[in-house]
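# Examination of the molecular architecture
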Amino acid sequence: MNILLRHRIILPVVSLAVLLAATFYMQPRAMSYFGLNLLFNLAVPIALATIAQMMIIMVNDIDLSLGTFVSLAACVTATFLNDAPILGLAILLALILSYALLGAMIHAFELPAIVVTLGMSFVWGGLALFILPLPGGVSPGWLRALMTVKPPFAPMAVVAPIIIAAVTHLLIVRSGIGTVLRGVGGNARSVQRAGWPVIWLKALAYGLAGLFGVLAGMALVGLTTSADANIALRYTLLSIAGVILGGGEFTGGKVSPAGAVIGALTLTLAASFLSFMRLSPDWQIGAQGAILILVLTARLIFSRKGAGT
Amino acid sequence: MTILAKPWLWSWLAAAAAFALILGLTGGRGAGELAYAALSFGAFAAIVGLGQMLVITLGPGNVDLSIPATMTLAATLALKAMGGEPGTAFAGLAIALGVGAAAGIANYALIFLLRLPPIIATLAASLVYQSLAIWSNRGLRIKPPEGLADFATGRFLGMPNVAWVGLALAIAVWVLLERAVAGRWLLATGQNLRAARLAGVPVELVRACTYVAVAMFAALTGYLLASFSGGAALNMGAEYLLMSIAVVVIGGSSIAGGNSNVPGVWGAALFMFLVVSMLNSYGAGAGARNVLTGAIIIAIVIAASTRRART
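This text gives an overview of the structure that appears in the document. Since we're looking at a predicted model, the values are computed, not measured. (Residues numbered from 1 in each chain as written. Chains lettered and ligands numbered in written order. Predicted model: local features only at pLDDT ≥ 70, side-chain atom pairs only at ≥ 80, totals over all residues. Heavy atoms only, no water.)

## Overview of the overall build of chain A
The condition that has to hold: Think of it this way: any DSSP run of H or I at least four residues long counts as a helix, any run of E at least two long counts as a strand, and we number them from the N terminus. Classification of residues uses two cut-offs on accessible area relative to the type maximum, computed with a 1.4 Å probe and protein chains only: under 20% is buried, over 50% is exposed, and between them is partly exposed. Any pair of residues with heavy atoms lying within 4.5 Å of one another is described as a contacting pair. Surface exposure here means Shrake-Rupley accessible area, sampled with a 1.4 Å probe, where a residue is shielded only by the protein chains that are shown. Counting rule for charge: Lys and Arg are taken as positive, Asp and Glu as negative, and neither His nor the chain ends is counted. We put the charge of a Lys on NZ, of an Arg on CZ, of an Asp on CG and of a Glu on CD.
From N to C terminus, chain A includes 14 helices and zero strands. The N-to-C order of helical and strand elements in chain A reads α-α-α-α-α-α-α-α-α-α-α-α-α-α. Projected onto the principal axes, the alpha-carbon positions of chain A cover approximately 60 × 55 × 35 Å. A burial count over chain A gives 55% of its 309 residues as buried. In chain A, once contacts between residues fewer than 6 apart in sequence are set aside, the share between residues at least 24 apart is 78%. With the model as given, the accessible surface of chain A reaches about 13100 Å², and the carbon-plus-sulfur share is 72%. Charged side chains in chain A number 16 positive and 7 negative. The centres of these two groups are separated by 16 Å.

In C-alpha cells, the structure reads:
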C-alpha cells in the first residue's frame, strides 16, 4: 500500500517539476522570491478549494457547487467578517455546518450528490447575490496581512501550499479518522459493519469540505481585497481537475491530499507558463485542458507499465 | 400501473402549477404569451436535456460537461461560415452538426482511448472547445442570415418553430428508446454494462453513438439559440450545463442510469422556465430567485427519492 501511495504521488510531482523547469527556462527571472510569489499567488485559494473537492470525492461523491460556495464565503468574508467579525464568524460557521448537514442528508435519503450540489449551487449563488449584488466589500486587515506576509527563504505562495499539504496529509492519510473516511469511499458497507456510523462520517467529510471551501474564500479575499458573487465560479471545474491531476480517483476513496495541492499548483502554473510562451490568452483555458489530458495520458501509460510488471 | 405511477407526470404537474400561480397573479391575462415564451425557451433546454438524458442513461458516472462549450463552438463556427449571407442556413446547419459530431467523437475518443472517467474527459475537452470558440469568435458578433433568424423566432400553427423542432426530436428519441433495438441496447448498457456486453450488445458502439448524439444535440441547440438571439456569444451556453442535468433529473429519469423518460424532460424544461418567470412576476430579486430555484430542485430530488423508496 505504501509503495502504491508513493507511486501515486510521483506523476503529479514530475508534471509540476517539468512545467516549473520549462517556465524557468522561458523566463529565468521567475526563479526568485518575487517571481515565485507572482507565479503561485492565486494558487493558495485554488489549493484549498481542491482539498475541499477532494474531501467530497473521497466519499465517492462530486461537488458541482464548490465554485459558488467559495464565492459566497468570499462575499461573507469581505462584508460581515470585516464589519462585524463575530457575526461574520457565525455565518461562516453556519455555512460549514450546512455542508455537514448536506452530507448527512445525501446519505440518509440516498440522494445523487451531483444533483443535490447542482441545486445547492443555485442556493449559494443566490445568497452571494443577496450579500453583494455588485462587486465590492473590503478584506479584513488581518487577513490581508496574513496573505501578504513575507516569510524568510520562500514566499507565502510557496509556504502556504506546503503547510496545507502537510496538514491535510496528516489528517487524511496518517490519522485514524482519515483512514476511516477513506474507507467510506472504498466500501461504505464494510465500514458500517465495523460499527462506524456512516452518516456521521459523511457529515464529517462534507463538513471538512465546507471548512476548506470557507478557507478558500477567505484566502481569495485576502489576495484580491474585495469580492463579488461570481468571483470563484471556475473553481468548481478547476478543483475537480486538480484532484484528478494529483492522482485522485473518482471512486474507491483513493485520494492524495499532497497530490491534490500539487495538482492545483500545476493548473495555476499552466496559465502563467502560457503567458511566458507569448501564447494568445485565447488559448489559456484550452491549454489547461490540454495539460490535463496530457498528464492523464501519462498516467495511463504509467499504470499500464505498473500492471505489467 | 395507473397514470399516477408515471414518473414524467410530476414534472408536468409542477409546470402546470407554476403556470397557474403566474396566471393567478396576473388574473388570467397573458396566458397565451406566457405559454408561447415557455415553449420557446423551454425548447432549448429540452433539446440539450434530451441529449444529456441519453448520456445519463448510459449509467453511473456518465455525464457530458462539454455541452456549453460545444453549443458555443458550433454556433460560433456556423455563424462565421454563414457570415449573415442569405441562403446559407442549411450550410450553417451542416457545419454546426459537423462540429457537434466532431466534438462527440473527440469526447468519446478521450473516454475510450485514455480510459478517462466521462466527467473528466468532457471537462478537459470542453476547455479546449472553449478556447477554440474564443479564438474563432474574437469578439465579433455576426448576425444570422435573415431567413434563419425569422425561422428561429417564428411560429407555425401557433407554436414556436423551435418548439416544433424540440418536439420532433423528443418523438424521435422516444421512438428510438421505446421501439428500436438501438434504444434497448442503450437501456441494457445503462442497467448493467457487463451483462449487456455478455449478451452480445455492442456496448462500445452504443456509448460512442450516445456521446456523438449528445454533442450533436448541443450543437443544434447552439445553432438555433444563436439564430434566435441574433448572434453567438461566448457565454451563451453557460446556463445550459446545470439546466441540462436539472431537466433530466426533474423529468424523472434515474441519475443512476438505465431508465429514461422523454416526456418528463419536456415537462421539466417548461417547469424550469416557468419557475423563474413565476418568481420574477412575484417580484423576487436575482438572489431570491436563485435560492428558490435551487431549493425547488433539491425538494424535487428528495421527493423523488422517498417515492422510490416506498414503491
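Having seen the model, we can carry on.
## Digging into the environment of A:Gly217
All names here are of chain A. Locating glycine 217 in the fold gives a position in helix H11 (residues 198-224). Sequence separation of glycine 217 and alanine 290 is 73 residues, and the distance between their C-alpha atoms is 27 Å. Apart from residues no more than four positions distant in its own chain, glycine 217 is found in contact with Val70, Ala73 and Ala74.

## Things to note about the nonpolar core
Note on soluble globular proteins: their nonpolar side chains tend to be buried together. Stated formally: Nonpolar cores are built from buried Ala, Val, Leu, Ile, Met, Phe, Trp, Tyr and Cys residues. Side-chain atoms within 4.5 Å join them into one set.
Counting 208 residues, the largest nonpolar core has A:Met55 and B:Met53 as its most contacted members. With sequence-adjacent residues up to four places away left out, A:Met55 is seen in contact with A:Ile172, A:Ala205, A:Leu208, A:Ala209 and A:Phe212.

## Considerations on unusual backbone geometry
All names here are of chain A. For threonine 225, which is not a glycine, the phi torsion comes out positive at approximately 65°. Relative to the elements of secondary structure, threonine 225 occurs in the loop between H11 and helix H12 (235-245). We classify threonine 225 as partly exposed; its relative accessible area is 33%.

## Topic: the interface of chain A and chain B
Heads up, the rule is: Buried surface area refers to the total accessible area, computed with a probe of radius 1.4 Å, that the two partners give up upon joining, counted for both partners together. Every case where a carboxyl oxygen of Asp or Glu lies within 4 Å of a side-chain nitrogen of Lys or Arg is listed as a salt bridge. We call two N or O atoms a polar contact when they sit within 3.5 Å, provided that within protein one can donate a hydrogen and the other can accept it, with sequence-adjacent residues counted only if both atoms are side-chain atoms. For this classification, the nonpolar set comprises Ala, Val, Leu, Ile, Met, Phe, Trp, Tyr, Cys and Pro, the charged set comprises Asp, Glu, Lys and Arg, and every other residue, Gly included, is treated as polar.
The interface is formed by 41 residues belonging to chain A together with 39 residues belonging to chain B. Where chain A abuts chain B, roughly 3400 Å² becomes buried across the two surfaces, and 83% of that area is made up of carbon and sulfur atoms. Broken down residue by residue, the surface that chain A buries against chain B is led by A:Phe122, A:Asp282 and A:Trp283, which jointly contribute 18%. Counting the contacts that link chain A with chain B gives zero salt bridges. Remark: the boundary between chain A and chain B carries one residue pair in polar contact (both at pLDDT 80 or more). Within the side of chain A that touches chain B, the residues separate by chemical class into 28 nonpolar, ten polar and three charged.

## Quick notes on the environment of A:Leu269
Residue and element names in this part refer to chain A. Relative to the assigned elements, leucine 269 resides in helix H13 (residues 257-276). As a C-alpha pair, leucine 269 and asparagine 37 span 232 residues in sequence and 11 Å in three-dimensional space. Apart from the residues lying within four places of it in its own chain, the contact partners of leucine 269 are Leu16, Leu19, Leu20, Thr23, Leu39 and Phe40.

## Brief notes about the pattern of salt bridges
Residues and elements named next belong to chain B. All told, the structure shown has four salt bridges over all chains when counted by the stated rule. With a closest N to O distance of 3.8 Å, glutamate 178 and arginine 184 form a salt bridge. Using a relative accessible area of 44% as the deciding quantity, one classes arginine 184 as partly exposed. Here the salt bridges do not stand alone but share partners, grouping Arg197, Glu204 and Arg207 into one network.

## What to know about the packing of aromatic side chains
Put simply, the rule reads: Whether two aromatic rings pair depends on their centres lying within 6.5 Å, for rings of Phe, Tyr and Trp, where Trp uses its six-membered ring; planes under 30 degrees apart make the pair stacked, over 60 edge-to-face, and the rest tilted. The criterion is that NZ of a Lys, or CZ of an Arg, lies within 6 Å of the ring centre and within 35 degrees of the ring normal, and then a charge sits over that ring.
Going through the model one piece at a time under the given rule, you end up with ten aromatic pairs over all chains. By the ring-pair criterion, three or more aromatic residues cluster together here, those being A:Phe69, A:Tyr99, A:Trp124 and A:Tyr206. Its end group placed over the ring of B:Tyr36, B:Arg155 keeps NZ or CZ at 4.0 Å from the ring centre.

## Quick word on a nonpolar patch on the surface
Residues and elements named next belong to chain B. Rules: Patch definition: residues above 30% relative accessible area lacking any salt bridge, with like charges linked at up to 9 Å and the nonpolar side chains Val, Leu, Ile, Met, Phe, Trp and Tyr linked at up to 5 Å.
Judged by side-chain polarity, Phe156, Leu157, Trp164, Leu167, Ile171, Trp174 and Val175 come together as a nonpolar surface patch covering roughly 680 Å² of accessible area. Top contributing element to the nonpolar patch by residue count: helix H7 (residues 161-179), with five residues. Mapping isoleucine 171 onto the fold places it in helix H7.

## Some thoughts on the packing of helix H6 (residues 85-108) of chain A against H11(A)
Residues and elements named next belong to chain A. Rules: To get an axis, fit a line to the C-alpha atoms, keeping to the stretch in contact for a helix; angles then go from 0 to 180 degrees between the N-to-C directions. What makes a crossing left-handed is the near helix being turned counterclockwise from the far one by less than a right angle; a clockwise turn instead makes it right-handed.
Here H6 crosses H11 at 145°, and the two axes come no closer than 7 Å. Considering how the two elements wind past one another, H6 and H11 form a crossing that is right-handed. Taking contact as the criterion, the partners of Leu92, Leu95, Ile96, Tyr99, Ala100, Gly103, Ala104, Ile106, His107 and Ala108 in H6 are, on H11, Val198, Ile199, Lys202, Ala203, Tyr206, Gly207, Ala209, Gly210, Leu211, Val214 and Met218. Looking at the contact of H6 with H11 residue by residue, the classes come out as 16 nonpolar, four polar and one charged.

## Some words on helix H1 (residues 8-26) of chain B
Residues and elements named next belong to chain B. Rules: Given the number of residues in a helix, its expected span is that number minus one, multiplied by 1.5 Å.
Under the 1.5 Å per step criterion, the end-to-end length of H1 is 28 Å for 19 residues, consistent within 8% with the ideal 27 Å. Taken together, the buried positions of H1 are Leu9, Ser11, Ala14, Ala15, Ala18, Ile22 and Leu23. In this structure, the buried residues of H1 make contact with helix H2 (31-57), helix H11 (238-250) and helix H12 (262-281).

## Notes on the side chain of A:Thr236
Residue and element names in this part refer to chain A. Secondary-structure assignment places threonine 236 in helix H12. At a separation of 2.8 Å, a polar atom in the side chain of threonine 236 contacts the main-chain amide nitrogen of glycine 67. Among residues more than four places away in sequence, those in contact with threonine 236 are Gln53, Asp63, Leu64, Ser65, Leu66, Gly67 and Thr68.

By themselves, these figures tell us nothing about what the structure is for.
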